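# Residue-level structure breakdown
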Amino acid sequence: MAFSFWKALGHGLTRVRERPLDAARIWAFDALLLAVVPGFLIIVSGAWSGPGEPVAFATLSPLQTAALIASLWSLPVFWLASEGAWARFLATGEPATAIPYRLGRDELRIFGVIALWAVVGFLLLLCLILPIGLVGVLAEQGGPGGRAGAALLVGAAIGISMFIMPRIHTSMMLAVRRKAFSPLGHFSASDPFWFRLGLAFGVAYILSLVSGYILPGLAALAAGYTADVAGMISRGSLIPWSNWAASKPSIGFAEVLVLLVAWIGGSFGLLLTRGVFAHAALHALEQHELDARGSYPAGAST
């Protein structure tokens, strides 16, 4: 079966409907280790002075600061474990264990893919310093025509990214699905449907913004925080709603409700986008097809 735009958008929801307990278990670990534990560590460390007050690292002893920073630095590790758990859930038939988070070969492959493409992105950035500077000059000194040209260049960059990023994320899913580290080969595996994959990702991303930011904004409006929402809109701000709640003088039912809507909406948005990548991984070219096309060979399983 070929890649389907509509099935890609619904793939995450389909997997949740098929295996609701496994999905709930992963979500529970996400909430605990990516949200509750970091907040708890900040509070018990004494760095948080209360609602509406900034995090005050300067008030901590060197030992407390080192312990808190070390704890917060564990967040990337938890995030990597979460990515591995969702990749297994969405792109393979492996059941989620009682503790879905783990650090094994799947997570090492994901990290390797991220590291490789991060290096590639950094090198590309070095090559694009001049065009980026040109965009800045056009935006600052080019008048209406220059600003329009800068906007066109930025729009082109966003458009290109919309078709590259989902292929990189799909290669991460393939690294877990096929138990092999082959970033370039897995990137090429989505060649036949790269355009549909990019469109599906674009739609899923827009829906994730709606569920993760607009719906909590509507909840905040209903709770009477009209000025806060208007300020965010005027600034074009997409700050996390957790930051907004932490800036309030007190945390009440309304703030908890907005945070709950934001968490559910954000999780739904991530499920949509991850589902698109997983559907692409399920319909990507197999290795013998890549070899026949003369694409990059697969790396050895690690």
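Residues numbered from 1 in each chain as written. Predicted model: local features only at pLDDT ≥ 70, side-chain atom pairs only at ≥ 80, totals over all residues. Heavy atoms only, no water.

Scanning the entire structure with this criterion turns up 11 aromatic pairs. For the pair phenylalanine 163 and tryptophan 194, a centre-to-centre distance of 5.5 Å together with 75 degrees between the ring planes defines the contact as edge-to-face. With phenylalanine 163 in helix H7 (residues 143–177) and tryptophan 194 in helix H9 (residues 194–222), this pair connects stretches of sequence that are 31 residues apart. Using a relative accessible area of 17% as the deciding quantity, one classes phenylalanine 163 as buried. Among the aromatic residues, those joined into a ring-pair cluster are Trp27, Trp86 and Phe89. Here the basic side chain of arginine 167 rests over the ring of phenylalanine 187, its NZ or CZ set 4.3 Å away from the ring centre. (Phe/Tyr/Trp six-rings, centres within 6.5 Å; stacked < 30°, edge-to-face > 60°. Helix = DSSP H or I, 4+ residues; strand = E, 2+ residues; numbered from the N terminus. Buried < 20%, exposed > 50% of the residue type's maximum accessible area, 1.4 Å probe, protein only. Lys NZ or Arg CZ within 6 Å of the ring centre and 35° of its normal.)

On the surface, Val119, Phe122, Leu123, Leu125, Leu126 and Ile129 cluster together to form a nonpolar patch covering roughly 580 Å² of accessible area. Among the elements that make up the nonpolar patch, the one with the highest residue count is helix H5 (residues 105–127) (5 residues). Within the secondary structure layout, phenylalanine 122 lies in helix H5. (Patch = residues over 30% accessible without salt bridge, like charges linked within 9 Å, V, L, I, M, F, W, Y side chains within 5 Å. Areas by Shrake-Rupley, 256 points an atom, 1.4 Å probe, with all protein chains shown as cover. Salt bridge = Lys/Arg side-chain N within 4 Å of Asp/Glu carboxyl O.)

Right, let's get into the pattern of salt bridges. A side chain with one charge can pair with a side chain of the opposite charge if their charged atoms come near. Scanning the entire structure with this criterion turns up 12 salt bridges. The residue arginine 102 makes a salt bridge to glutamate 94 at a minimum N-O spacing of 3.6 Å. Residue arginine 102 is classed as partly exposed on the basis of its relative accessible area of 37%. Since its relative accessible area comes to 24%, glutamate 94 is described here as partly exposed. Between aspartate 106 and arginine 109 there is a salt bridge, with its nearest N and O atoms 3.0 Å apart. With aspartate 106 and arginine 109 both in helix H5, this residue pair falls 3 residues apart, about one helical turn. Accessibility classification places aspartate 106 together with arginine 109 in one group, the buried group. Each of Arg88, Glu94, Arg102, Asp106, Glu107, Arg109 and Lys179 takes part in one network of salt bridges that share partners.

Now for the confidence of the model for the chain. Residue-level pLDDT values for the chain average 81, and 77% of them are 70 or greater. Across residues 298–302, confidence stays below pLDDT 50; counting only partners more than four residues off in sequence or on other chains, it has 12 contacts. (pLDDT = per-residue confidence, 0-100. Contact = heavy atoms within 4.5 Å.)

Here we take up the packing of helix H1 (residues 5–18) against helix H4 (residues 74–91). Packing of H1 against H4 brings their axes to within 9 Å, and their N-to-C directions diverge by 85 degrees. Between H1 and H4, the interaxial angle falls into the category roughly perpendicular. For the pair H1 and H4, contact is made by His11, Gly12, Arg15 and Val16 and by Phe89, Leu90 and Ala91, respectively. A breakdown of the residues in the contact of H1 with H4 according to their chemical character gives 4 nonpolar, 2 polar and 1 charged. (Axes fitted to C-alpha atoms, helices over the stretch in contact; angles between N-to-C directions. Parallel < 35°, antiparallel > 145°, perpendicular 65-115°, else oblique. Nonpolar A, V, L, I, M, F, W, Y, C, P; charged D, E, K, R; others polar.)

Note on placement: serine 208 falls in helix H9. Overall, serine 208 belongs to the buried group, its relative accessible area being 13%. Taking the C-alpha atoms as reference points, serine 208 and leucine 272, 64 residues apart in sequence, are found 7.4 Å from one another. Sequence-distant contacts of serine 208, defined by excluding residues within four places in its chain, comprise Tyr213 and Gly269. There is a polar contact of 2.5 Å between the side chain of serine 208 and the backbone oxygen of tyrosine 205. (Polar contact = N/O pair within 3.5 Å; in protein donor to acceptor, adjacent residues only side chain to side chain.)

Before going further, it helps to examine the nonpolar core. Counting 41 residues, the largest nonpolar core has Phe3, Trp86, Phe89, Leu90, Met173, Leu197 and Val276 as the members making the most contacts within it. Mapped onto this core, the elements with two or more residues apiece are H1, helix H2 (20–45), H4, H5, H7, H9 and helix H12 (253–282). When residues of this core are assigned to their parent elements, the largest contribution, 8 residues, is made by H4. Residues within four places of valine 276 in sequence aside, it is in contact with Phe3, Ala8, Leu9, Leu197, Ala200, Phe201 and Ala204. Grouped together as the second largest cluster of nonpolar side chains are 9 residues, Tyr225, Val229, Val258 and Ala262 included. (Core = buried A, V, L, I, M, F, W, Y, C linked by side-chain atoms within 4.5 Å.)

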